Amino acid sequence: MIPLDFYLPIAEGVPISSIYHDLTDSAFGAERAVQVTVNFHHLSALSASSLEYNVEAQSRLLHHIGLSGSATPVADRGQASVATMIDVVTERSCPRSNSGADDPRTWPPLSDPIQTGIGAANAAIRAVSHVSRNYYPQITYESMPYLLIVSQSFTDRGWPEVERWSVPPASEWNVSGIVHLAHINMGVSVRDEAMEESVTEAIYEHVGKLEHPLRQYLERAYRAKHQYKIGQYSDAVISMGTSVETLLTTIVSHLLWEEAWPNVQDEASVKSARSVFYALEKRSRVREELSKRLGGNWSAEASPWEIWMRHGVALRNRVVHAGYRPSYNETREAVSAYDEFVAFVTDRIAEKANVYPRTAIKAVGPEGLERRRKLTDKMRRFRDGVAPEEEDWEMSFTGWMEALLGK
């Protein structure tokens, strides 16, 4: 049983049956077909409707900050809250992966009935989205309840002649136990006052700089890690790809900007930088511009660049251009390649801090430079004595980028 936290507009009692084939995976040893049937049920939501929750939450907040006398719950009497639950019937005899791993997310897609069922349910949800022209969230392993009640029917009905095979009647099913999934999906948020204090101390510095491209790359990275955590693997791969593109374009732009310092608005400098900037659509040109300025190994098979090309860019292209749905393992490898590549780029910028001190301070930060033992006496003197007397870097870079893109 897969509970949704929303209403999916499809009639009850209409089973959707599918046959999934695996032609290649070694877990099966040969071609194997797995049959799955999904059905839909609309139930009164057990929790309060969103309207009731929002009104009551606001009432409680008003009371909390002293703007109302009492936190009186306001019930939503006008709307009946309904959510959909999907029941999935599939084979329990699916073979497990030979890897020996305990986490089903690492197994081949058809080697675990829960993963097979999630895939079939998502196929139905996607079909409803296409027919209704509305977006409905898909299910992830991580969004499932962490305990599942398992029922079994031992009937052997064989392969039916009709298009939809029959699901065993209720009398043939028996509750066989409870499965504990490889995650804990519980509301365990607790107040972290130490984090609150550290965030409050630092937030003022960041609020005015959020539109800067270096912040954009980080936000996309945070989004990608969150999507990976909750099982939205396709979105995570796309977000990581966008994050890297933003990072690399921004770093090249900063290096070009700093090479023109302090005459960043000089027409010849802007024209020269423009010829480089608009060639960055080609990845080979990005690598060329960064490698000649930052040094390091960008071409060997084991270099972070090439690893990211294999596990990040190639996977992103399959997701975007071929509709591919990456597995947990593939996404995990992409996350690892992403982290390694970003660390490599950051290390290279720190290594060239004496050549590009402004970019190093902006992209790596004094703490990052010190952690890498690149906050030398020369860099300290620049940071403390020279930088405060210069034109505001953010304003200068923004104006330079406008000139770069404006003509």
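Everything here concerns the structure above.
Quick notes on the rules
Residues numbered from 1 in each chain as written. Predicted model: local features only at pLDDT ≥ 70, side-chain atom pairs only at ≥ 80, totals over all residues. Heavy atoms only, no water. Helix = DSSP H or I, 4+ residues; strand = E, 2+ residues; numbered from the N terminus. Buried < 20%, exposed > 50% of the residue type's maximum accessible area, 1.4 Å probe, protein only. Contact = heavy atoms within 4.5 Å. Areas by Shrake-Rupley, 256 points an atom, 1.4 Å probe, with all protein chains shown as cover. Core = buried A, V, L, I, M, F, W, Y, C linked by side-chain atoms within 4.5 Å. Phe/Tyr/Trp six-rings, centres within 6.5 Å; stacked < 30°, edge-to-face > 60°. Axes fitted to C-alpha atoms, helices over the stretch in contact; angles between N-to-C directions. Parallel < 35°, antiparallel > 145°, perpendicular 65-115°, else oblique. Left-handed = near helix turned anticlockwise from the far one by under 90°. Nonpolar A, V, L, I, M, F, W, Y, C, P; charged D, E, K, R; others polar. Pairing = 2+ DSSP bridges. Salt bridge = Lys/Arg side-chain N within 4 Å of Asp/Glu carboxyl O. Expected span 1.5 Å × (residues − 1). Polar contact = N/O pair within 3.5 Å; in protein donor to acceptor, adjacent residues only side chain to side chain.

1. Some points on the overall build of the chain
Link 1 in the chain: A count of helices and strands for the chain gives 13 helices and 6 strands.
Link 2 in the chain: Every one of the 407 residues in the chain was classed for burial, and the buried ones make up 39%.
Link 3 in the chain: Contacts in the chain between residues far apart in sequence, at least 24 positions, make up 68% of those at least 6 positions apart.
Link 4 in the chain: About 24,300 Å² of surface is accessible on the chain, with carbon and sulfur atoms providing 52% of the total.

2. Description of the nonpolar core
Side chains that are nonpolar tend, in soluble globular proteins, to be buried together.
Link 1 in the chain: Counting 63 residues, the largest nonpolar core has Leu290, Trp308, Phe341, Leu369 and Trp400 as its most contacted members.
Link 2 in the chain: Here this core gets 12 residues from one element, more than from any other, and that element is helix α5 (residues 233-259).
Link 3 in the chain: The residues contacting Trp308, other than those within four sequence positions of it, are Met240, Gly241, Val244, Val313, Ala334, Ala337, Tyr338 and Phe341.
Link 4 in the chain: Residues Ile10, Ile118, Ile125 and Leu181 belong to the second largest nonpolar core, which totals 23 residues.

3. Quick look at the environment of Trp173
Link 1 in the chain: Note that Trp173 resides in the loop between β5 (147-152) and β6 (174-180).
Link 2 in the chain: Note: C-alpha distance between Trp173 and Ser151 (22 residues apart in sequence) is 6.1 Å.
Link 3 in the chain: Dropping the residues within four chain positions of it, Trp173 is found in contact with Val89, Ser151, Gln152, Ser153, Val167 and Pro168.

4. Description of the packing of aromatic side chains
Link 1 in the chain: Counted according to the given criterion, the structure contains 15 aromatic pairs.
Link 2 in the chain: Arranged with centres 5.8 Å apart and planes meeting at 90°, the rings of Trp257 and Phe397 form a pair that is edge-to-face. Here Phe397 lies in helix α13 (residues 393-406) and Trp257 lies in helix α5, a separation of 140 residues in the sequence. Across the pair, Phe397 and Trp257 agree in class, each one buried.

5. Looking at the packing of helix α4 (residues 213-229) against helix α9 (residues 328-351)
Link 1 in the chain: Orientation of α4 relative to α9, taken along the N-to-C sense of each, is 155°, at an axis distance of 11 Å. Our classification of the angle between α4 and α9 gives roughly antiparallel. Helix-helix and strand crossings are classified by hand; for α4 and α9 the assignment is left-handed. Counting all contacts with α4, which are made through Tyr217, Ala221, Lys225 and Tyr228, the residues of α9 involved are Tyr328, Thr331, Arg332, Val335, Tyr338, Asp339 and Val342.
Link 2 in the chain: Of the residues that constitute the contact of α4 with α9, the class distribution is 7 nonpolar, 1 polar and 3 charged.

6. Observations concerning the pairing of β5
Link 1 in the chain: Where burial is concerned, the two faces of β5 differ: the one with Leu148, Val150 and Gln152 is buried and the one with Leu147, Ile149 and Ser151 is not.
Link 2 in the chain: Note: β5 against β6, 6 bridges, orientation antiparallel. Bridge pairing links Leu147 to His180 in β6.

7. Some thoughts on the pattern of salt bridges
Link 1 in the chain: Summed over all chains, the structure comprises 16 salt bridges.
Link 2 in the chain: Its salt-bridge partner being Glu289, residue Arg293 comes within 2.4 Å of it at the nearest N-O pair. With Arg293 and Glu289 both in helix α7 (residues 283-294) and 4 residues apart, the pair spans about one turn of that helix.
Link 3 in the chain: Arg293 gets classed as buried once you look at its relative accessible area, which sits at 14%.
Link 4 in the chain: Here Arg383 makes a salt bridge to Asp384, at a shortest N to O gap of 2.9 Å.
Link 5 in the chain: A single network of salt bridges, built from pairs that share partners, joins Glu259, Arg285, Glu289, Lys292 and Arg293.

8. Some words on the packing of helix α6 (residues 267-277) against α13
Link 1 in the chain: Relative to each other, α6 and α13 sit at 70°, their axes nearing to 9 Å. Our classification of the angle between α6 and α13 gives roughly perpendicular. When α6 is examined against α13, the residues Val270, Ala273, Arg274 and Phe277 are found in contact with a partner set consisting of Trp400, Met401, Ala403, Leu404 and Leu405.
Link 2 in the chain: Per-class residue counts for the contact of α6 with α13 are 8 nonpolar, no polar and 1 charged.

9. Describing unusual backbone geometry
Link 1 in the chain: A cis amide bond, omega 0°, links Trp261 with the succeeding residue Pro262.
Link 2 in the chain: If you trace the backbone, Pro262 turns up in the loop between α5 and α6.
Link 3 in the chain: Positive phi is not limited to glycine here, since Arg133 has a value of about 60°.
Link 4 in the chain: Along the chain, Arg133 falls in the loop between α2 (113-132) and β5.
Link 5 in the chain: Here Arg373, not a glycine, exhibits a phi torsion of approximately 60°, which is positive.

10. A short note on α4
Link 1 in the chain: The first and last C-alpha atoms of α4 sit 24 Å apart over 17 residues, in line with the 24 Å expected at 1.5 Å per residue.
Link 2 in the chain: For α4, the complete set of buried residues consists of Leu214, Arg215, Tyr217, Ala221, Ala224, Gln227 and Tyr228.
Link 3 in the chain: Looking at the buried residues of α4, the elements they touch are α3 (193-207), α5, α9 and α10 (357-363).
Link 4 in the chain: Positive backbone phi, approximately 90°, marks Gly231, located one or two places after α4.

11. Some details on the environment of Arg372
Link 1 in the chain: Its location among the elements puts Arg372 in the loop between α11 (365-371) and α12 (377-386).
Link 2 in the chain: With 21 residues separating them in the primary sequence, Arg372 and Glu351 have C-alpha atoms 8.7 Å apart.
Link 3 in the chain: In this structure Arg372 touches Thr346, Asp347, Ala350 and Val364, once residues within four positions along its chain are discounted.
Link 4 in the chain: Of the polar contacts made by the side chain of Arg372, one reaches the side chain of Asp347; its length is 2.6 Å.

Interpretation in functional terms is not warranted from these geometric data alone.
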